[in-house]
Amino acid sequence: MALALHAYEAAAKERLPGPVWDFFAGGSGTESMLTAGRKALDRMQLRPRCLVDVSHCDPRTRLLGSDLAAPLAVAPMAYHRLAHPEGEVATARAAGEAGVLLTVSMFASRTLEVIAAAASGPLWLQLYWLRNRAVMRDLIHRAEAAGYRALVLTVDAPRVATRPRDARNGWAIPPDIRAVNLPEETMSASHGSRAGESAIARHSRDQFDSSITWADLAWLRETTSLPLVLKGVLTAEDAELAVKHGVSALIVSNHGGRQLDFARSAPECLTEIVEAVKAADAECQVVLDGAIRHGADIAKALCLGADAVMTGRPALWGLAHSGTEGVTAVLRHLMDEFEEVMALMGAPTPTDFPRTGVTQPTCPH
Ligand SMILES: Cc1cc2nc3c(=O)[nH]c(=O)nc-3n(C[C@H](O)[C@H](O)[C@H](O)COP(=O)(O)O)c2cc1C
Ligand SMILES: O=C(O)C(=O)c1ccccc1
């Protein structure tokens, strides 16, 4: 029998060294944002419709032109080899088996090409904007050649926020695990450990270009023909700007509680962002990321106008538990729950979830 998600979480916690668990589970500052998204989702109540023909529920959907078995993707997360020796290769196999999209982190611990060879489903590549544009250009061209279908620029991390657990642990990536897609000299700073400071936070200050603005998106446009996705947008203002700059999809996200402490939670921002995109009459899809733990969370996101959701840590729990098999089980668990919610909501396809299908998660500004 497949385990519930919390059982995978408990198993991962038991298996992983303390500092690795803290790196996965931790948040920034007071960690207020670790629970904010979950609380917002829990407050929302579903409004089911009855006597609808749900004899056949079909969760399949399309995201940026890719066919998915459900409106579900795996969020970009660094260093999967911290969870399992096969790392992103195991995750890619699992995402393919489940029929969902995988977003590969710029800080993946397996090469883009090896991950692509293991994947039978669509892949996106996530980027932080590095000071060294030659490194970025090389990575983008490799992603294109390996068949990645979109670039995800993470815009909520001009630097990696201070994460007290990592700082306390003097967290550094173990020497046998590397961000293998980046040149060695770019990465050396992530490995030196110093108490009271996380090597990743220090490294991001050295390597990330925190001076970039909307105008710099033009450089990405010139460098690639792949669709551009922005991850970490939380306001209608930025959604409008994104649409003006030709962005193909927005990921509404609090970075899993790891960046701005005391921010508004992503689920509470969804409505205004969906409305801003709609008002602009733009071809821009919207994805909700963070705290997705139940099939009902997917339904709530769709009711609020999202096209899909991303899940992060649960995939790492599955990976730590049993590699490909564990990740597949975690993804299938979410999909099975979602299929049941479709039937009970009277929504036989993802486009059948109406705005009135959920109570309003108010977060006025
Ligand atoms: C261990 C870990 C590493 C992460 N690494 C990245 C990353 O490299 N790039 C990125 O854009 N987001 C990264 N994230 C954020 C995730 O993409 C995602 O926003 C978050 O995990 C979603 O919340 P959830 O874990 O509650 O599902 C990371 C998150 C975790 C937990
Ligand atoms: O994005 C993150 O949350 C994160 O932990 C990370 C890891 C490696 C490099 C940059 C960020």
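1. Digging into the site of ligand 1
Then, number 1: Around ligand 1 lies a shell of 23 residues, among which Pro-76, Ser-105, Thr-154, Asp-289 and Arg-293 are the nearest.
Then, number 2: Measuring from a nitrogen atom of ligand 1, one finds a side-chain N or O atom of Gln-126 at 3.3 Å.
Then, number 3: Lys-231 places a polar side-chain atom, nitrogen or oxygen, 3.0 Å from a nitrogen atom of ligand 1.
Then, number 4: Here ligand 1, which alone exposes 610 Å², has 98% of that area covered by the protein.
Then, number 5: Considered class by class, the residues forming the shell around ligand 1 number nine nonpolar, nine polar and five charged.

2. As for helix H9 (residues 199-207)
Then, number 1: Within H9, seven of the nine residues are buried, which leaves it mostly tucked inside the rest of the structure.
Then, number 2: Of all the residues in H9, the buried ones are Ala-199, Ile-200, Ala-201, Arg-202, His-203, Ser-204 and Gln-207.
Then, number 3: Looking at where H9 begins, the residue whose side-chain oxygen comes 3.1 Å from the main-chain nitrogen of Ile-200 is Ser-198.

3. A word on the pattern of salt bridges
Then, number 1: Using the criterion set out here, one finds twelve salt bridges in the structure.
Then, number 2: Glu-113 serves as the salt-bridge partner of Arg-142, at 2.8 Å between the closest nitrogen and oxygen. In this pair, Arg-142 sits in helix H6 (residues 133-145) while Glu-113 sits in helix H5 (residues 112-118), placing the two residues 29 residues apart along the sequence.
Then, number 3: Salt bridges linked by common partners bring Asp-22, Glu-31 and Arg-165 together as one network.

4. Some thoughts on the site of ligand 2
Then, number 1: Taken together, Phe-23, Ala-78, Tyr-79, Phe-107, Tyr-128, Val-160, Arg-163, Ile-200, His-255 and Arg-258 form the complete shell of residues around ligand 2.
Then, number 2: Contact distances for ligand 2 include 2.7 Å between an oxygen atom and a side-chain N or O atom of His-255.
Then, number 3: Partitioning the shell around ligand 2 into residue classes produces seven nonpolar, one polar and two charged.

5. What to know about the packing of helix H13 (residues 295-303) against helix H14 (residues 313-345)
Packed helix pairs are specified by the crossing angle of their axes together with the interaxial distance, meaning the distance between the axes.
Then, number 1: For the pair H13 and H14, the least separation of the axes is 7 Å and the interaxial angle reads 60°. Comparing their axes, H14 and H13 come out oblique. Along this stretch, H13 crosses H14, giving a crossing that reads as right-handed. For the pair H13 and H14, contact is made by Gly-295, Ala-296, Ile-298, Ala-299, Leu-302 and Cys-303 and by Leu-334, Glu-337, Phe-338, Val-341 and Met-345, respectively.
Then, number 2: Taken together, the residues of the contact of H13 with H14 break down into nine nonpolar, one polar and one charged.

6. Thoughts on the sheet that holds strand S9 (residues 285-289)
Then, number 1: As summarised here, the arrangement of the eight strands in space is S3-S4-S5-S6-S7-S8-S9-S10, forming a closed barrel in which the pairing is parallel. When the angles between neighbouring strand axes are averaged without regard to direction, this sheet yields 25°.
Then, number 2: Pairing between strand S3 (residues 72-74) and strand S4 (residues 101-104): two bridges, direction parallel. Within the sheet, the bridge partner assigned to Val-74 lies in S4 and is Leu-102.

7. Remarks on the nonpolar core
In globular proteins that are soluble, nonpolar side chains generally tend to be buried together.
Then, number 1: Counting 115 residues, the largest nonpolar core has Leu-127 and Leu-250 as its most contacted members.
Then, number 2: Ranked by residues supplied to this core, first place goes to H14 with 15 residues.
Then, number 3: Listed in part, the 14 residues of the second largest apolar core include Leu-63, Leu-68, Leu-101 and Ala-150.

8. Focus: the packing of aromatic side chains
Then, number 1: Summed over all chains, the structure comprises eight aromatic pairs.
Then, number 2: Look at Phe-23 and Phe-24: their rings are 6.1 Å apart centre to centre, the planes differ by 45°, and that puts the pair in the tilted class. For the pair Phe-23 and Phe-24, a shared accessibility class is recorded, and that class is buried.
Then, number 3: On the numbers, 6.3 Å between centres and 45° between planes, the contact of Phe-107 with Phe-208 is tilted. Of this pair, Phe-107 sits in the loop between S4 and H5 while Phe-208 sits in the loop between H9 and helix H10 (217-223), placing them 101 residues apart in sequence. Both residues of the pair, Phe-107 and Phe-208, belong to the buried class.
Then, number 4: Grouped by ring-pair contacts, the aromatic residues Tyr-79, Phe-107, Tyr-128 and Phe-208 constitute a single cluster.
Then, number 5: Residue placement shows Arg-258 over the ring face of Phe-23; its charged tip is 5.0 Å from the ring centre.

9. Thoughts on the confidence of the model for the chain
Then, number 1: Scored by pLDDT, the chain has a mean of 96; 95% of the residues are at 70 or more.
Then, number 2: The ipTM, which scores confidence in the relative placement of chains, is 0.99 for this predicted complex, and the corresponding pTM is 0.97.

10. So, the environment of Asp-352
Then, number 1: Tracing the backbone through its elements, the reader meets Asp-352 in the segment after H14.
Then, number 2: When its relative accessible area of 34% is taken as the criterion, Asp-352 is described as partly exposed.
Then, number 3: Between the C-alpha atoms of Asp-352 and Leu-302, which are 50 residues apart in sequence, the distance is 8.9 Å.

11. Focus: the side chain of Asp-156
Then, number 1: Position of Asp-156 among the secondary structure elements: in the loop between strand S6 (151-154) and helix H7 (164-169).
Then, number 2: The charged side chain of Asp-156 is buried without a salt bridge, its nearest counter-charge being Lys-231 at 5.1 Å.
Then, number 3: A distance of 2.8 Å separates a polar atom in the side chain of Asp-156 from a polar atom in the side chain of His-255.
Then, number 4: Every residue in contact with Asp-156, bar those within four places of it in the chain, is listed here: Lys-231, Gly-232, Ser-253, Asn-254, His-255 and Gln-259.

Rules and cut-offs
Residues numbered from 1 in each chain as written. Chains lettered and ligands numbered in written order. Predicted model: local features only at pLDDT ≥ 70, side-chain atom pairs only at ≥ 80, totals over all residues. Heavy atoms only, no water. Near = heavy atom within 4 Å. Polar contact = N/O pair within 3.5 Å; in protein donor to acceptor, adjacent residues only side chain to side chain. Areas by Shrake-Rupley, 256 points an atom, 1.4 Å probe, with all protein chains shown as cover. Nonpolar A, V, L, I, M, F, W, Y, C, P; charged D, E, K, R; others polar. Buried < 20%, exposed > 50% of the residue type's maximum accessible area, 1.4 Å probe, protein only. Helix = DSSP H or I, 4+ residues; strand = E, 2+ residues; numbered from the N terminus. Salt bridge = Lys/Arg side-chain N within 4 Å of Asp/Glu carboxyl O. Axes fitted to C-alpha atoms, helices over the stretch in contact; angles between N-to-C directions. Parallel < 35°, antiparallel > 145°, perpendicular 65-115°, else oblique. Left-handed = near helix turned anticlockwise from the far one by under 90°. Contact = heavy atoms within 4.5 Å. Pairing = 2+ DSSP bridges. Core = buried A, V, L, I, M, F, W, Y, C linked by side-chain atoms within 4.5 Å. Phe/Tyr/Trp six-rings, centres within 6.5 Å; stacked < 30°, edge-to-face > 60°. Lys NZ or Arg CZ within 6 Å of the ring centre and 35° of its normal. pLDDT = per-residue confidence, 0-100. Lys, Arg positive; Asp, Glu negative; His and termini not counted.

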